[in-house]
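Secondary and tertiary structure notes
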Amino acid sequence: MKENIIAHNYQVSKADRQESNKHNSFLLWFTGLSGSGKSTIANVVEQELHKTGIKTYTLDGDNVRKGLNNDLTFAPEDRTENIRRIAETANLMVDAGLVVLAAFVSPYKKDRDNIKNIVKDVNFVEIFINTSVEECERRDVKGLYKKARAGEIKNMTGISAPYEAPENPDIEIKTENQTVEEAVQEIIKFIIPKLNRQ
Ligand code: ADP
């Protein structure tokens, strides 16, 4: 079947879309434990970008796990498929000219490397929200750690499933030492040159 899929040459290109948006498009990928602060920080980064006219979209567990990926579990092979589909979706959005923010635990290094292959290195900004499991458990924003300790949730990252920390993230945020505002400013500062605004 695959050999019969021949790409059509569309005349409006990614470059055309970026030119009309007046900025580059790429993917900001937030990784870290549940409750580390990914969505909180991504949300404020998106607001800051949106305020200045940047075209954005945020992908997160709520809008992806409930729709596109509602057939997937938290077993390792499904987590891999979850990230692959999100990366492919993000890739289309980057092609559409958007700055895409994605906030997912994404615990496996090989899956994050795969995102880089799908969207291409140059379009991928890896942001490690580095908060200790002790602090995430203390926050327990969604009550998931409590459930995991009670054995009600299997495969809970940081408790009963591994988290492979990025070795060379583009940005590392330590939320135990940095405020949300400081984290946001650090991220914005990093991406300003990448935006290449006209
Ligand atoms: P995640 O998306 O990683 O699961 P959330 O953003 O939903 O995590 O939750 C993080 C929680 O931690 C929020 O309640 C947030 O207010 C709190 N928090 C405290 N300090 C910080 C900080 N410096 N950066 C981000 N979040 C923080």
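To be clear, the structure that these remarks concern was listed above.
Below, the structure is looked at part by part. (Residues numbered from 1 in each chain as written. Predicted model: local features only at pLDDT ≥ 70, side-chain atom pairs only at ≥ 80, totals over all residues. Heavy atoms only, no water.)

**Details of the packing of aromatic side chains**
By the definition in use, this model includes two aromatic pairs. Note on phenylalanine 128 and tyrosine 163: the rings are 6.0 Å apart at their centroids and 25 degrees apart in plane angle, and the pair reads as stacked. You can see phenylalanine 128 sitting in strand β4 (residues 124–129) and its partner tyrosine 163 sitting in the loop between α7 (144–149) and β5 (171–173), a full 35 residues away along the chain. Each member of the pair, phenylalanine 128 as well as tyrosine 163, carries the same accessibility label: buried. (Phe/Tyr/Trp six-rings, centres within 6.5 Å; stacked < 30°, edge-to-face > 60°. Helix = DSSP H or I, 4+ residues; strand = E, 2+ residues; numbered from the N terminus. Buried < 20%, exposed > 50% of the residue type's maximum accessible area, 1.4 Å probe, protein only.)

**With respect to the nonpolar core**
One finds Leu28, Phe30, Ile41, Val45 and Ile127 to be the most contacted residues of the largest nonpolar core, which totals 23 residues. Only β1 (27–31), α2 (38–51), β3 (99–103), β4, β5 and α8 (180–195) provide two or more residues apiece to this core. With six residues, α8 is the single largest residue contributor to this core. Ignoring any residue separated from it by four or fewer positions in sequence, one finds isoleucine 127 in contact with Leu28, Trp29, Phe30, Thr31, Ile171, Ile173 and Ile187. Core analysis: the next-biggest nonpolar cluster, separate from the first, contains 18 residues, Ala87, Val94, Ile118 and Val119 among them. (Core = buried A, V, L, I, M, F, W, Y, C linked by side-chain atoms within 4.5 Å. Contact = heavy atoms within 4.5 Å.)

**Brief notes about the environment of leucine 27**
Among the structural elements, leucine 27 can be located in strand β1. Judged by relative accessible area, leucine 27 falls into the buried class, the value being 0%. Through-space distance from the C-alpha of leucine 27 to that of threonine 175 is 21 Å; in sequence the pair is 148 residues apart. If sequence neighbours within four positions are ignored, leucine 27 has contacts with Ala90, Val94, Val100, Ala102, Ile115, Val119, Asn123, Phe124 and Val125.

**Some details on unusual backbone geometry**
Glycine aside, residues mostly have negative phi angles, and peptide bonds mostly take the trans form. One non-glycine residue, lysine 22, lies in positive phi territory at about 70 degrees. Along the chain, lysine 22 falls in the loop between α1 (14–21) and β1. Although it is not a glycine, lysine 120 adopts a positive phi angle of roughly 75 degrees. For lysine 120, the position within the fold is in the loop between α5 (109–119) and β4.

**Some words on the sheet that holds β1**
The parallel open sheet is built from five strands, whose spatial order is β2-β3-β1-β4-β5. With one partner strand each, in any of the chains shown, β2 (56–60) and β5 form the two edges of the open sheet. Along the sheet, successive strands turn relative to each other by an average axial angle of 20 degrees, direction set aside. The sheet contact formed by β1 and β3 spans four bridges and is parallel. Paired with tryptophan 29 across the strands is alanine 102, a residue of β3. α2 rests against β1, β2, β3, β4 and β5 of the sheet, and its axis sits at about 165 degrees to β3. Packed on one face of the sheet, α5 meets β1 and β4 and runs near 155 degrees to β4. (Pairing = 2+ DSSP bridges. Axes fitted to C-alpha atoms, helices over the stretch in contact; angles between N-to-C directions.)

**Notes on the site of the ligand**
Around the ligand, the structure places 15 residues, and the nearest of them are Gly35, Lys38, Ser39, Thr40 and Gln178. Interatomic distance of 3.0 Å between a backbone N/O atom of glycine 37 and an oxygen atom of the ligand. Contacts to the ligand include lysine 38, whose side-chain N or O atom sits 2.7 Å from an oxygen atom. With the chains in place, 76% of the 570 Å² that the ligand exposes on its own is no longer accessible. Take the shell around the ligand: its biggest share by element is four residues, from α2. Along the lines of polarity and charge, the residues of the shell around the ligand split into four nonpolar, nine polar and two charged. (Near = heavy atom within 4 Å. Polar contact = N/O pair within 3.5 Å; in protein donor to acceptor, adjacent residues only side chain to side chain. Areas by Shrake-Rupley, 256 points an atom, 1.4 Å probe, with all protein chains shown as cover. Nonpolar A, V, L, I, M, F, W, Y, C, P; charged D, E, K, R; others polar.)

**Things to note about α5**
Taken together, the buried positions of α5 are Asp111, Arg112, Ile115, Ile118 and Val119. All buried residues of α5 project into a common sector of 110 degrees when viewed along the axis, lining one side. Opposite its buried face, α5 presents the exposed residues Lys110 and Asn117, each directed more than 90 degrees away. On its buried face, α5 sits against β1, α4 (76–95) and β4. (Arc of directions from axis to C-beta.)

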